[in-house]
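As a plain string of letters, each chain reads:
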Amino acid sequence: MTNTLSFPGLGIGEFTINPIAFEFGFIKVAWYGIIITLGVILGVAYTLYRSEFEEIKSDDIYDLTLFVVIFAVIGARVYYVLTNLDSYKTFMSVISVWNGGIAIYGAIIAGGITTVIVAKIKKINPAKMLDLVAPAVMIGQIIGRWGNFTNAEAFGSETILPWRMGIQNALYYPETIYVHPTFLYESLWNLVGFIGIHFIYKHKKYNGQIFLLYMTWYGFGRMLIEALRTDSLYIGSFKISQLVGFTSFVVGVILLIFFGIKANKQIELEEIEENNENEEVKEENGSDN
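Residues numbered from 1 in each chain as written. Predicted model: local features only at pLDDT ≥ 70, side-chain atom pairs only at ≥ 80, totals over all residues. Heavy atoms only, no water.

Participant: Give me the overall build of the protein: which residues, what numbers.
Facilitator: Check the secondary structure of the protein and you find eight helices and eight strands. For the protein, the spread of C-alpha atoms along the three principal axes comes to 95 × 40 × 35 Å. Across the 289 residues in the protein, those meeting the buried criterion constitute 40%. Entry remark: accessible area of the protein is about 16600 Å², with carbon and sulfur atoms responsible for 66%. Placing the 20 positive and 27 negative side-chain charges of the protein at their respective mean positions leaves the two points 9 Å apart. (Helix = DSSP H or I, 4+ residues; strand = E, 2+ residues; numbered from the N terminus. Buried < 20%, exposed > 50% of the residue type's maximum accessible area, 1.4 Å probe, protein only. Areas by Shrake-Rupley, 256 points an atom, 1.4 Å probe, with all protein chains shown as cover. Lys, Arg positive; Asp, Glu negative; His and termini not counted. Charge placed at Lys NZ, Arg CZ, Asp CG, Glu CD.)

Right under this line is the structure:
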């Protein structure tokens, strides 16, 4: 079924979107998959662009991409299934990812673990590799959230705000509800974060700083945005993604402060050593005269 969407407060009337882009016989290709694939491609392109700065070979990036994409999809599915066990009674239902049901935090966790393992195998500093991957993940999230738009999903509670989004889909037909476009909130939040991280990257003080900035920024934003979502996964009365977002933010801030202080002390120590060396050179030159 096609979805009817609108943004009346912005002067955008009703229009329809079919979640299926095209079909080959019994094979259906969804816009969601196309958009996610585009996000992955652009993310890899950015990683290759940054790899020269980190002095990491492009072949290592391609190898990393292969493993991260595979295990990120598996992680996203496992995370979703584990938080919806009552809905998955058979093995086929568990592996039928094409029917929907993935969670971004599962992809991030599995992708992060895979990145560290690949870095270890290739004898690359894992923190440096995580720095390289973090902005690419943000690009994937910026673009990927528009897959939720084409599916008319991942929206928030009802609202009368000017940027409200009207939705008429299989769940609400023939009624139209007006909701927070939380997919758009998250896409824009990540866009702002990506722009900031992009300019900070070359000035980072230690390996791992970019990853921690991403972890902190995304965690804080997701914590706030998740409060508006109506399709959240729960543990008891707590929204899982909001809890994980809060934890990511707090842990990220603590680690940024800790490693920031440590890096500044190291810089001060190096400056003192450099000044001492300069003084010794001056003294030697003076004694020669």
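Participant: Break down the pairing of strand E1 (residues 3–7) for me, citing the residues and quoting the values.
Facilitator: In terms of burial, E1 is a largely internal element, five of the five residues being buried. Along E1, one buried face is formed by Asn3, Leu5 and Phe7 and the opposite face, lined by Thr4 and Ser6, is buried too. The hairpin formed by E1 and strand E2 (residues 12–17) contains four residues between the paired strands, and Gly11 there has a positive phi angle of roughly 80°. Here E1 pairs with strand E5 (residues 165–168) via three bridges, running antiparallel. The residue of E5 that forms the bridge with Thr4 is Gln168. (Pairing = 2+ DSSP bridges.)

Participant: Could you give me a rundown of the pairing of E2, with the residues and numbers involved?
Facilitator: Side-chain positions along a regular strand alternate between the two faces of the sheet. Looking at chain direction, E1 and E2 are connected through four bridges and run antiparallel. Bridging across to E2, Phe7 finds its partner in Ile12.

Participant: Quick one: what's the story with the nonpolar core, residue by residue and with numbers?
Facilitator: Counting 28 residues, the largest nonpolar core has Ile56, Leu64, Tyr79, Met129, Leu132, Phe194 and Tyr214 as the members making the most contacts within it. Counting only elements with at least two residues in this core, the list comes to helix H1 (31–54), helix H2 (58–82), helix H4 (104–121), helix H5 (126–150), helix H6 (182–200) and helix H7 (209–226). At eight residues, H5 tops the list of elements feeding residues into this core. Leu5, Phe7, Ile167 and Ile177 belong to the second-largest nonpolar core, a separate cluster that totals eleven residues. (Core = buried A, V, L, I, M, F, W, Y, C linked by side-chain atoms within 4.5 Å.)

Participant: Which residues make up the packing of aromatic side chains, and what values do they have?
Facilitator: Within the structure shown, the criterion is met by 16 aromatic pairs. Where Phe220 meets Phe249, the ring centres are 4.9 Å apart and the plane angle is 45°; that geometry is what we call tilted. Of this pair, Phe220 sits in helix H7 while Phe249 sits in helix H8 (residues 240–288); the two residues are 29 residues apart in sequence, bridging distant segments of the chain. Grouping aromatic residues by their ring pairs yields a cluster made of Phe7, Phe15, Trp146, Phe149 and Phe183. Note that Arg164 overlies the ring of Tyr178, its terminal NZ or CZ placed 5.7 Å from the centroid. (Phe/Tyr/Trp six-rings, centres within 6.5 Å; stacked < 30°, edge-to-face > 60°. Lys NZ or Arg CZ within 6 Å of the ring centre and 35° of its normal.)

Participant: Can you break down H4 residue by residue, with the values?
Facilitator: A turn of α-helix holds 3.6 residues, and therefore any two residues three or four places apart point the same way. Here H4 is 18 residues long and its end C-alpha atoms lie 26 Å apart, about the 26 Å a rise of 1.5 Å per residue gives. Along H4, the residues that are buried comprise Tyr105, Gly106, Ala107, Ala110, Gly111, Gly112, Thr114, Thr115, Val118 and Ala119. At the exit of H4 stands Lys123, carrying a positive phi of roughly 60°. (Expected span 1.5 Å × (residues − 1).)

Participant: Go over the sheet that holds E2, please, and point to the residues and values.
Facilitator: Spatially, four strands are ordered E2-E1-E5-E6 in an open sheet, and the strand pairing comes out antiparallel. Each end of this open sheet is capped by a strand with a single partner; those strands are E2 and strand E6 (177–179). Mean inter-strand twist for the sheet, computed between neighbouring axes without regard to direction, equals 25°. (Axes fitted to C-alpha atoms, helices over the stretch in contact; angles between N-to-C directions.)

Participant: How would you explain the pattern of salt bridges if you had to name every residue and give the values?
Facilitator: A side chain of one charge can pair with a side chain of the opposite charge if their charged atoms are brought near each other. Counted by the stated rule, this structure contains nine salt bridges. For Asp60, the salt bridge is made with Lys122, and the minimal N-O distance between the two is 3.1 Å. Of the two residues, Asp60 sits in helix H2 while Lys122 sits in the loop between H4 and H5, which places them 62 residues apart along the sequence. We classify Asp60 as buried; its relative accessible area is 11%. In this structure, Arg229 and Glu226 form a salt bridge, with 3.9 Å as the shortest nitrogen-oxygen distance. Residue Glu226 is classed as buried on the basis of its relative accessible area of 1%. (Salt bridge = Lys/Arg side-chain N within 4 Å of Asp/Glu carboxyl O.)

Participant: Explain the environment of Lys28 to me, and be specific about the residues and the numbers.
Facilitator: Checked against the element boundaries, Lys28 lands in strand E4 (residues 27–30). Exposure remark for Lys28: the relative accessible area of 55% places this residue in the exposed category. Taking the C-alpha atoms as reference points, Lys28 and Leu224, 196 residues apart in sequence, are found 35 Å from one another. If near-sequence neighbours (up to four positions away) are discounted, Lys28 is found in contact with Ile20, Phe22 and Glu23. (Contact = heavy atoms within 4.5 Å.)

Participant: Give a detailed account of the layout of surface pockets, specifying residues and quantitative values.
Facilitator: The computed volume of the second largest pocket comes to approximately 300 Å³. Taken together, 14 residues line the second largest pocket, and the ones lying closest to its centre are Asn151, Ala152, Glu153, Asn169 and Leu171. Of the residues that constitute the lining of the second largest pocket, the class distribution is eight nonpolar, four polar and two charged. (1 Å grid on protein atoms, 1.4 Å probe; cavity = no way out; pocket = protein on both sides within 12 Å on 5 of 7 lines; lining within 4 Å. Points joined across faces, edges and corners; volume = space filled by probe spheres on them. Nonpolar A, V, L, I, M, F, W, Y, C, P; charged D, E, K, R; others polar.)

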